[in-house]
Amino acid sequence: MHDPEEADDVEQPDWAGPLATAYDSALAHLTGLPDRPVGAGASLEELHTALGGPLPEGPDDPAKVVAALAAAAAPGLVASPSGRYFGFVVGGASPAALAADWLTAAWDQNAGLHVLGPAAAVTEQVVGGWLTELLGLPAGASVGFVTGVQMANFTGLAAARHEMLRRAGWDVEADGLAGAPRLRVLAGEQRHDTIDRALRFLGLGRSAVEPVASDDQGRMRADALREALRRGSGPAIVCAQVGNVNSGAIDPVGEICELAREAGAWVHVDGAFGLWAAASPRLRPLVAGVELADSWATDAHKWLNVPYDSGLALCAHPEAHRAAMGVRASYLIHGNEGERDPLDYNPEFSRRARGFAVHAAIRALGRGGIAELVERCCALAGRAADQLAAHDDVELLNEVVLNQVLVRFRAADGDHDGHTRRVVQRVQRDGTCWLSGTTWRGQAAMRISVSNWSTDEHDVDQSVRAILRCAAARY
């Protein structure tokens, strides 16, 4: 039995000093976001000088260490939590989610087994139920909390690999892929690279992909999928995309699921950000039929605005999910009846308890708040697109169906690609906002992604003015 008198004799470490220093530095960073340039300001050499030096030989005061780290890193930080950060579909961290993530670090729970952190395991189980209800997915779908959509796609496709080969009479977990029936993977021409990378990790290889023709917005063509399914035979996985990373376009996922079911194929949905459209009654028709798929991948650190890293792998077939991910070992203490071991649903053994921040984000927003957040970001993307497209030298390249905007800048000398790339670089240097360039259908483009809970009309209007100013510059 614990003796409280013995605890009085134990020397307590100084938690208050370093944590207070971290709090002050974090608060200064967050409250300063509206006034600072959005891009990083330090050069590579400056960062190496500030953060480098010889290996420390002895201990140092923790509060001083934290203060020095904050000061050295600050010039090299990107203000990605800013309402004027529009790059790479990056969301900010909402206050409740950030605070819960701080608690997650302080609690330091290993979320691998129920016994290692019962609160962490139960939180993930509860949040899984909330997510399936919120996104309109089948009740009872299993959920794995992973780093991001790269590993969520890996997890969903691992479950698909297991199930499709099981139906073909092959145990891939026991026997590997040597001698296994060939798996067909049908995916749109405009799929995200994380699909190909996941297939590499799974030993299927990029050559397993049979590209399916897409339309001018990057949506998989259902008629092309029908023909592709007819051309081949054997176990098949169809990868649909809900939210093209450039255009935001959404595959006709309902039709895709119906065609795949007729062919006996598994459907995996890469919905990194676009799956959150299902949380909005107004936008849900865009993803009609998504609930008919077999697995889904999405990010909480995008539109739910949970701190990095936080991805979600969901599966309508928990038994296939567990078969692909689960593990048993004599030294592990596995959960009893009703106790969920998280490691049965993701590729990691030890990991941080990501469910707490997701729990806090959903609690703080509620169903209505999440729908409003998604709809507001889409409306702000449309606002930016309308303002930019109103100028003669700006060409809007996509149908703005979600939160993605693609624009191109026309040059008097005809070098539209070069001019567009220069405008992107000027905007990044300007610091008013930050966005990225891309190549869309063989043309250079500026990509604007509105994914942050704090972005408002003022942020958009101020950013558009900066973009047009940079486009008009002749330097």
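Before reading on, note that the structure itself is shown above.
Bear in mind the structure is a predicted one, so any value in this text is a computation, not a measurement.

Draft legend 1. How the structure looks around the packing of helix α6 (residues 118–134) against helix α13 (residues 355–389). Contact geometry of α6 with α13 gives a least axis separation of 9 Å together with a crossing angle of 30 degrees. The angle between α6 and α13 falls in the class roughly parallel. In the packing of α6 onto α13, the handedness of the crossing is left-handed. The segment α6 lies against α13, with A119, A120, T123, E124, V127, W130, L131, E133 and L134 engaging G355, F356, V358, H359, I362, R363, R367 and I370. Here the residues of the contact of α6 with α13 sort into ten nonpolar, three polar and four charged.

Draft legend 2. Representation of the sheet that holds strand β1 (residues 142–146). Within the open sheet, the seven strands sit side by side as β1-β7-β6-β5-β4-β2-β3. Their pairing is mixed. With one partner strand each, in any of the chains shown, β1 and β3 (209–212) form the two edges of the open sheet. On average, each strand axis in the sheet is inclined to that of its neighbour by 20 degrees, with strand direction left out of account. Sheet topology note: the strand β2 (residues 184–188)/β3 ladder contains four bridges and is parallel. Bridge pairing in β3 places L186 opposite E210.

Draft legend 3. Fine view of the environment of V212. Relative to the helices and strands, V212 resides in strand β3. Among the residues examined, V212 registers a relative accessible area of 1% and is labelled buried. A sequence separation of eleven residues divides V212 from D223, and the C-alpha atoms of the two residues are 9.5 Å apart. The residues contacting V212, other than those within four sequence positions of it, are L186, A187, G188, E189, M220, R221, A224, L225 and A228.

Draft legend 4. Just empty space enclosed by the protein, in detail. Taken as a whole and assessed by the stated rule, the structure comprises three cavities of 30 Å³ or more. Volume-wise, the largest cavity comes out at about 70 Å³. Residue lining of the largest cavity: 14 residues in total, with G188, R191, C239, Q241 and D251 positioned closest to the centre. Listing elements by their share of the lining of the largest cavity, those giving two or more residues are β2 and β4 (236–241). Here the lining of the largest cavity takes three residues from β4, the largest share from any one element. Residues that form the lining of the largest cavity fall into these classes: five nonpolar, six polar and three charged. In this structure, the second largest cavity is lined by F86, A384, C433, L435, I448, V450, V460, S463, V464 and I467.

Definitions and limits used
- Residues numbered from 1 in each chain as written.
- Predicted model: local features only at pLDDT ≥ 70, side-chain atom pairs only at ≥ 80, totals over all residues.
- Heavy atoms only, no water.
- Axes fitted to C-alpha atoms, helices over the stretch in contact; angles between N-to-C directions.
- Helix = DSSP H or I, 4+ residues; strand = E, 2+ residues; numbered from the N terminus.
- Parallel < 35°, antiparallel > 145°, perpendicular 65-115°, else oblique.
- Left-handed = near helix turned anticlockwise from the far one by under 90°.
- Contact = heavy atoms within 4.5 Å.
- Nonpolar A, V, L, I, M, F, W, Y, C, P; charged D, E, K, R; others polar.
- Pairing = 2+ DSSP bridges.
- Buried < 20%, exposed > 50% of the residue type's maximum accessible area, 1.4 Å probe, protein only.
- 1 Å grid on protein atoms, 1.4 Å probe; cavity = no way out; pocket = protein on both sides within 12 Å on 5 of 7 lines; lining within 4 Å.
- Points joined across faces, edges and corners; volume = space filled by probe spheres on them.

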